[in-house]
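# A look at the structure
Here is how the chains run, residue by residue.
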Amino acid sequence: MKPHASRRPGALARAAASALAVSLVGTALVAATATPTAAADESLLSTSGTTWRYLDDNTNPAGADPNQRAWTTTAFDDSAWKTATGAFGAKRGAATGIGAAFPITTLLTQYIEGTTTDVPTFFFRTDVELTAADLDGVPAFEGEIVYDDAAIVYVNGEEVVRLGDDGREITENLQYHGNGRTDPVTGTFVVPADAFTPGENTISVALYQDAPTSSDIYLDVRSLVPTPGEVRDVALNVGADETQANVAWFSTLPGAGEVQWARADEAGGEVDWRTAATSSSRNGTAADGATYHHATITGLEEDSDYVYRVGSAATGWSAPTTFTTGTFGDEFSALFVGDAQIGASGNAANDAARWAANLDTMTARHPDTAFLISAGDQVDSAGNAAQYTGFLAPRQMRELRFAVQDGNHDTASALYDQHYAMPNLSPEQRRDYWYSYNNVLVVAIDSNDSDPAEIAGHEAFLRDVIGTRGDAYDWVVVTFHHSLYSQAFHSRDTDVVRMREALSPVFSELGVDLVLAGHDHIYTRSYLMEGATPVVPDEAPAEGDVLTPDEDQVLYLTGNSSSGSKFYDFDGAKPWTARWEQSREASYSDLDVTPTSLTVTTYTTGSQRVVDRVTLQREAAAGPALDVETSTRCLAGTAYVAVRATNTGDVPADVVLATPFGTRTVATVAPGKAAYQSFSTRSAAVDAGSVSVTGTVPDDGTSSVRDVAYPAVACG
Ligand SMILES: [Fe+2]
């Protein structure tokens, strides 16, 4: 029988229904130390309630065993080790002086005997007994530990966490490791529940000095409690097109995750998640120590309600959330907002509250909106996880698909990439991506990357995406953070000037219709721009303008703050500005799309006053270009009417030749080719009349009708 160094005192009970109970094997040792508090009762380990076996004499506990981790296994004989409770430590060989926050209950032998050289490594072991019921439904245990300088925690011989790691390889049991520090570090660690087995489990800790001269050493394992895990910061992003939605979320526990979804109408009130559609997450360790997940919902149908949840048994689940797809037709609406910048006012909670209230207003007034575009600077401090939580807190961020830009306030942290799952990311140019929604193609570029090589990268991405697929959409919209044509001081920034000069001609050349941006916190509508040259109209710009841009003319809009966290002042007249406003009120824009018009109406959020309205109008698509010829002639005493329709355009066309004597349909007439038919009148003469030729472009459904006369003829 293997020796039992210790038993944890008291039963372990979860507050939740599935109570954990740790069976006890009582010993005199435990009885002597068992004064568990209520908190300790819920914990596998506690400072005063856990008795450890420990080794502090500069010997290698594994000796010559080829498995140098043998000392961490349950079978290891630690009966010769010392026995005590924590906290353990020493400061220059004494039990005092390390600080009031770090009391020492058990003095460790700091120095190698007969020297003032630090013992490099200290070894600790304790046992806990768990039943299968204890582990059922528990994804993980979360521990709190205080250590100096570094520690590795093992469960049943397996390493579960490395704390204070300095990157130095651990090659032997007795070695220095970690970084020297003034005070012990308080940290948390997570042990997946499957590291434990029903029965006896051994928890071991190796505690390291960073160097032979370190002045102190400390270890206090304060708790190890079952945790259900938390899924937070769920973000419903736009997918590659209207049939998809990307979802990003964070889990406090590591492990795989997935998104599950089902038609809400089919599910009724009760979703059977076992039969729901599922997509696994791509995941990794987030910059704040949690685990981030990205997954994609596919196969969405229009005008449908879907319910989804994210997570897993290992990490816990989000609450189910319902969203609506809306129309997949070519007439729909979307929302556009400028910088929310949670935290910019100096009060992040205030900014988040106003952001949430403004989203309530926007979605109440535009309940059928398809998705939301944010112009960047979603947060004020890139690495501030709480600001992300504030930005993502409103229910709309889980119920309305949204797209983000990388703002200058977002860019410095991987939290941006981890919190949002944007589709079709560029493999070459960081944080550039694209998506489509119905008849609109949107290309988003990362305007933080603004040196000449990076601008060339954006240009290549734009040319590739728009050049490959732009023709298939009625509208091409480009979005990014740093507005090129705005009315506050940022329009004079070097990076903005450089991008304005380099990218404006590209947008014009590629037939971009509308550019949406932020960064300058002042509403600005540009004139139509040909490259970087404004096309100044004779009449003064006004609310309600209807513009009919040429192919190479682009409209630029700058959103003001959407949360009210920060506003910038007018910076003097700019040659490109058609209209601007700075009323220091949060505002947003509503985009109304049809095949022939794109209207942007900007409102103050609180008062719903119209700040500006502008429409891009284009002629209805003309359909295919057909050259139609008719002729009449006689053949064996019968009159014939011949029709030839030649496709003079550059896309294939379906052609219908309709005459009083019959109709012929020819599918997919290639450019340069003709549809031809000679129709018999079945009589010897025909009066003058006309034929009707209909051409349709299969790709976009546009069509044209030509009525062409033919002359009379009499045969014989
Ligand atoms: Fe900005």
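Residues numbered from 1 in each chain as written. Predicted model: local features only at pLDDT ≥ 70, side-chain atom pairs only at ≥ 80, totals over all residues.

Per the secondary structure count, the protein includes 10 helices and 45 strands. Relative to a compact globule of 716 residues, whose C-alpha radius of gyration would be 27 Å, the protein shows 35 Å and is clearly more extended. Counting only C-alpha atoms, the protein reaches 130 × 65 × 45 Å along its principal axes. Burial analysis of the protein (716 residues in total) assigns 46% to the buried set. Sequence-distant contacts in the protein: of pairs separated by 6 or more residues, those separated by 24 or more amount to 73%. (Helix = DSSP H or I, 4+ residues; strand = E, 2+ residues; numbered from the N terminus. Rg over C-alpha atoms; globule rule 2.2 N^0.38 Å. Buried ≥ 20, exposed ≤ 12 C-beta atoms within 10 Å, placed from the backbone. Contact = placed C-beta atoms within 7 Å.)

This next bit is on the packing of helix α9 (residues 452–469) against helix α10 (residues 494–509). Packing of α9 against α10 leaves a shortest axis separation of 11 Å and a crossing angle of 15°. Taken as axis vectors, α9 and α10 run roughly parallel relative to one another. Relative to α10, the crossing made by α9 is right-handed. Packed against α9, whose contacting residues are Ile455, His458, Glu459 and Leu462, the element α10 presents Met499, Ala502, Leu503 and Val506 at the interface. Partitioning the contact of α9 with α10 into residue classes produces 6 nonpolar, 1 polar and 1 charged. (Axes fitted to C-alpha atoms, helices over the stretch in contact; angles between N-to-C directions. Parallel < 35°, antiparallel > 145°, perpendicular 65-115°, else oblique. Left-handed = near helix turned anticlockwise from the far one by under 90°. Nonpolar A, V, L, I, M, F, W, Y, C, P; charged D, E, K, R; others polar.)

Here helix α5 (residues 348–365) crosses helix α6 (residues 385–392) at 20°, and the two axes come no closer than 8 Å. With respect to their mutual orientation, α5 and α6 come out roughly parallel. Our pair here, α5 against α6, has a crossing hand that is right-handed. The residues of α6 that touch α5, namely those facing Ala348, Asp351, Ala352 and Trp355, are Ala386, Gln387, Gly390 and Phe391. Split by residue class, the contact of α5 with α6 holds 5 nonpolar, 2 polar and 1 charged.

Attention shifts here to α9. Compared with an ideal rise of 1.5 Å per residue, which puts 18 residues at 26 Å, α9 spans 26 Å between its outermost C-alpha atoms and is within 8% of the ideal. By the burial criterion, the buried members of α9 are Ile455, His458, Phe461, Leu462, Val465 and Ile466. Within α9, the buried residues cover an arc of 120° as seen down the axis, which keeps them to one side. Set apart from the buried face of α9 by more than 90 degrees, the exposed residues are Pro452, Ala453, Ala456, Gly467 and Thr468. Residues of α9 that are buried make contact with β24 (433–437), β25 (440–444), β26 (475–482) and α10. (Expected span 1.5 Å × (residues − 1). Arc of directions from axis to C-beta.)

With 9 of its 10 residues buried, strand β5 (residues 121–130) lies for the most part within the structure. Across 3 bridges, strand β1 (residues 51–55) lies against β5 in antiparallel orientation. In the strand pairing of β5, Tyr54 is matched with Phe124. Bridge count between β5 and strand β10 (residues 199–208): 10 bridges; the pairing is antiparallel. Residue pairing for β10: Asp127 is matched across the bridge by Thr202. (Pairing = 2+ DSSP bridges.)

So, on to the nonpolar core. Judged by nonpolar contacts, the single largest core of 107 residues is most densely connected at Val247, Ala403 and Val443. Apart from the residues within four sequence positions on either side, Val247 is in contact with Val234, Ala235, Leu236, Asn237, Val259, Ala295, Ile297, Val310 and Ala421. (Core = buried A, V, L, I, M, F, W, Y, C linked by C-beta atoms within 7 Å.)

This part is about the UniProt feature "domain: Calcineurin-like phosphoesterase" (unreviewed entry) in the protein. Per the UniProt annotation, the sites labelled "domain: Calcineurin-like phosphoesterase" (unreviewed entry) are residues 335–523. Across residues 335–523 one finds 37% helix and 17% strand; the C-alpha atoms that close the span lie 15 Å apart. (UniProt positions renumbered as here; feature names shortened; annotations may be inferred.)

What follows concerns the sheet that holds strand β6 (residues 140–148). Here 5 strands make up an open sheet; going across it, the order is β4-β3-β11-β6-β9 and the pairing mixed. Lying at the two open borders of the sheet, with one neighbouring strand each, are β4 (106–107) and β9 (185–192). Relative to β9, β6 is paired through 8 bridges, and the arrangement is antiparallel. Considered in β9, the bridge of Val146 is made with Thr186.

This brings us to the domain arrangement of the protein. Examined at the domain level, the protein breaks down into domain 1 (28–227), domain 2 (229–326), domain 3 (329–617) and domain 4 (626–714). When each unit is reduced to the centre of its C-alpha atoms, the spacing between domain 1 and domain 3 is 53 Å. (Domains from an automatic or database assignment.)

In this model, α10 (16 residues) spans 24 Å end to end at C-alpha, consistent with the 22 Å of a helix rising 1.5 Å per residue. The complete set of buried residues in α10 reads Val496, Met499, Arg500, Leu503, Ser504, Phe507 and Ser508. Contacts made by the buried residues of α10 are with α9, β26, β27 (514–518), β29 (528–530) and β32 (553–558). Gly511, located one to two residues past α10, shows a positive phi value of around 75°.

As for its position among the elements, Pro120 is in the loop between β4 and β5. Using a count of 20 C-beta atoms within 10 Å as the deciding quantity, one classes Pro120 as buried. When the C-alpha positions of Pro120 and Ser214 are compared, they lie 9.6 Å apart, and in sequence the two are 94 residues distant. Contact partners of Pro120, with chain neighbours within four places excluded, come to Leu174, Gln175, Tyr176, Tyr208 and Gln209.

Across the sheet, which stays open at both edges, the 6 strands sit in the order β2-β1-β5-β10-β7-β8 with antiparallel pairing between neighbours. Looking along the sheet, the strands with just one partner apiece sit at the ends: β2 (82–85) and β8 (158–163). Each neighbouring strand pair of the sheet contributes to a mean axis angle of 25°, computed without reference to strand direction. Here strand β7 (residues 150–155) runs beside β10; their pairing, made up of 6 bridges, is antiparallel. Note that in β10 the partner of Ala150 across the bridge is Tyr208.

In this section: unusual backbone geometry. A cis amide bond links Gly86 with the next residue in sequence, Ala87, at an omega value of 0°. For Ala87, the location among the structural elements is in the loop between β2 and β3 (88–91). Omega for the peptide link from Asp148 to Asp149 comes to 5°, which places this bond in the cis form. Of note, His519 is a non-glycine position whose phi angle comes to about 80°, a positive value. With respect to the element layout, His519 can be found in the loop between β27 and β28 (523–526). Located in the positive-phi region is Ala636, a residue other than glycine, with phi close to 55°.

Looking now at the environment of Val238. As for its placement among the helices and strands, Val238 is situated in strand β12 (residues 231–238). Among the residues examined, Val238 registers 30 C-beta atoms within 10 Å and is labelled buried. Put simply, Val238 and Val310 are 72 residues apart on the chain and 16 Å apart in space, counted from C-alpha to C-alpha. Not counting chain neighbours up to four residues away, the residues in contact with Val238 comprise Asn246, Phe371, Arg401, Phe402, Ala403, Pro423, Tyr435 and Tyr437.

Taken residue by residue, the protein gives an average pLDDT of 91. The fraction at 70 or more is 93%. Segment residues 1–40 is flagged for pLDDT under 50; beyond a separation of four residues in sequence, or across chains, it makes 95 contacts in the model. (pLDDT = per-residue confidence, 0-100.)

Its place among the elements puts Ala653 in strand β39 (residues 653–659). Ala653 sits in the buried class, given 29 other C-beta atoms within 10 Å. Not counting residues within four places of it along the chain, the set of residues in contact with Ala653 comprises Pro624, Leu626, Asn647, Val669, Gly695, Thr696 and Val697.

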